[in-house]
Amino acid sequence: MSIDDQPRAVFGRRGREIRAPAAPSKRTARPARAMGPIVGLFGLTSLLAAVIGVIFWTLPDIEKLNAETARAEQRVVAIVNQPITHLPRMGPVGLFSPGWFHPDATKPDFNNVDIRASQEFPYDRYSHVTSDVNPSEMFIGSELEFNAMTKYFYTDRTLPKKRLSDAEMVEINGLYRVIGQDEEALPKRWLTIGGLVTVGFCLGYALLLLTRRTLRLPTS
């Protein structure tokens, strides 16, 4: 063995042998590097779970708003389309033609309209009225009304509509506010869900990429 092949020792000031520190092994750094993707996976999974949770929390809220709107509209329909007195036609009557109403209807401004201001009494000048759509019948003029702000909810336009009391119109105003608020809230809820779904897809894609990268990491 040559001198160059013999292990070398370094001696300190007192002659003791001081061995040079061994170079740090690269293997000790691998587990630390592997923790990064694992933490990332956990974070992305948690965020994705949170997004899915918010989506499933928002969907019942949309259902609730739809049900509330449906109940309010059904109540308005019930009030506006109350039964009226039907009488067999006899004697002079006021004739309305063609039909009782024009075919179109204005959608009310549910958040602001006061239907008391649009109540009309075109039948008051006649004791009894009829129309060409039901010529064999007549109706009591003072029992009827027309209201452009409730016409949107007329279900049977072959019949005139019952005159509403002040209390009934106040109730409809309140129901209109409910409908208006729900109509404003629903698009916001759907936009929220749309945004969350987009975020969820992005997080899912990032999670997939990070999972593939983590699986390719060396294990030794």
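Structure shown above.
First, a word on what this report is: a plain description of the structure on this page. (Residues numbered from 1 in each chain as written. Predicted model: local features only at pLDDT ≥ 70, side-chain atom pairs only at ≥ 80, totals over all residues. Heavy atoms only, no water.)

Focus on the pattern of salt bridges
Side chains that differ in sign of charge can pair as their charged atoms come close. If you walk through the whole model with that rule in mind, you get five salt bridges. A salt bridge links lysine 151 to aspartate 104; its shortest N-O distance comes to 4.0 Å. Pair noted here: lysine 151 is in the loop between strand E8 (144–147) and strand E9 (161–162) and aspartate 104 is in the loop between strand E4 (94–96) and strand E5 (119–120), with a separation of 47 residues, a long-range link. Across the pair aspartate 114 and arginine 116 runs a salt bridge, and its minimum N-O distance is 3.0 Å. Residue classification places aspartate 114 among the partly exposed residues on the basis of a relative accessible area of 29%. According to the relative accessible area criterion, arginine 116 is partly exposed, its value standing at 38%. (Salt bridge = Lys/Arg side-chain N within 4 Å of Asp/Glu carboxyl O. Helix = DSSP H or I, 4+ residues; strand = E, 2+ residues; numbered from the N terminus. Buried < 20%, exposed > 50% of the residue type's maximum accessible area, 1.4 Å probe, protein only.)

Looking at unusual backbone geometry
Of note, the amide linkage connecting serine 97 to proline 98 takes the cis form, showing an omega dihedral of -5°. Along the chain, proline 98 falls in the loop between E4 and E5.

Here's the deal with the sheet that holds E9
The three strands are arranged E5-E8-E9 in an open sheet whose pairing can be described as antiparallel. Pairing within the sheet leaves two strands with one partner each, and these edge strands are E5 and E9. Two elements, E5 and E8, share two bridges in a ladder whose sense is antiparallel. Bridged to glutamine 119 within E8 is asparagine 147. (Pairing = 2+ DSSP bridges.)

As for the environment of tryptophan 190
Tracing the backbone shows tryptophan 190 in helix H2 (residues 166–215). For the pair formed by tryptophan 190 and leucine 59, sequence separation is 131 residues and the distance between their alpha carbons is 8.7 Å.

Focus: the packing of aromatic side chains
Under the criterion given, the structure shown has 13 aromatic pairs. Where phenylalanine 101 meets tyrosine 154, the ring centres are 5.0 Å apart and the plane angle is 55°; that geometry is what we call tilted. Of this pair, phenylalanine 101 sits in the loop between E4 and E5 while tyrosine 154 sits in the loop between E8 and E9; the two residues are 53 residues apart in sequence, bridging distant segments of the chain. Overall, the relative accessible area of 11% leaves phenylalanine 101 in the buried class. (Phe/Tyr/Trp six-rings, centres within 6.5 Å; stacked < 30°, edge-to-face > 60°.)

Description of the side chain of asparagine 81
By secondary structure assignment, the location of asparagine 81 is in the loop between helix H1 (30–80) and strand E3 (87–88). Separated by 2.9 Å, the side chain of asparagine 81 and the backbone oxygen of phenylalanine 153 make a polar contact. Residues within four places of asparagine 81 in sequence aside, it is in contact with Phe153, Tyr154, Thr155, Asp156 and Lys161. (Polar contact = N/O pair within 3.5 Å; in protein donor to acceptor, adjacent residues only side chain to side chain. Contact = heavy atoms within 4.5 Å.)

Let's talk about the nonpolar core
Within the largest apolar cluster, 26 residues are counted, with the highest numbers of intra-cluster contacts made by Val76, Trp100, Tyr123, Val129, Phe139, Ile172 and Tyr176. When residues of this core are traced back to their parent elements, those giving at least two are H1, E8 and H2. No other element matches H2, which puts five residues into this core. Beyond its immediate chain neighbours, meaning those up to four positions away, valine 76 contacts Phe153, Ile172, Leu175 and Tyr176. (Core = buried A, V, L, I, M, F, W, Y, C linked by side-chain atoms within 4.5 Å.)

Describing the sheet that holds strand E7 (residues 137–140)
Strand order in the open sheet formed by four strands is E3-E7-E6-E4, with mixed pairing between adjacent strands. Each of the sheet's edge strands pairs with one partner strand only, and the pair in question is E3 and E4. Note: E3 against E7, two bridges, orientation antiparallel. By the bridge assignment, leucine 87 is partnered in E7 with methionine 138.

All quantities given are derived from atomic positions and should not be read as evidence of function.
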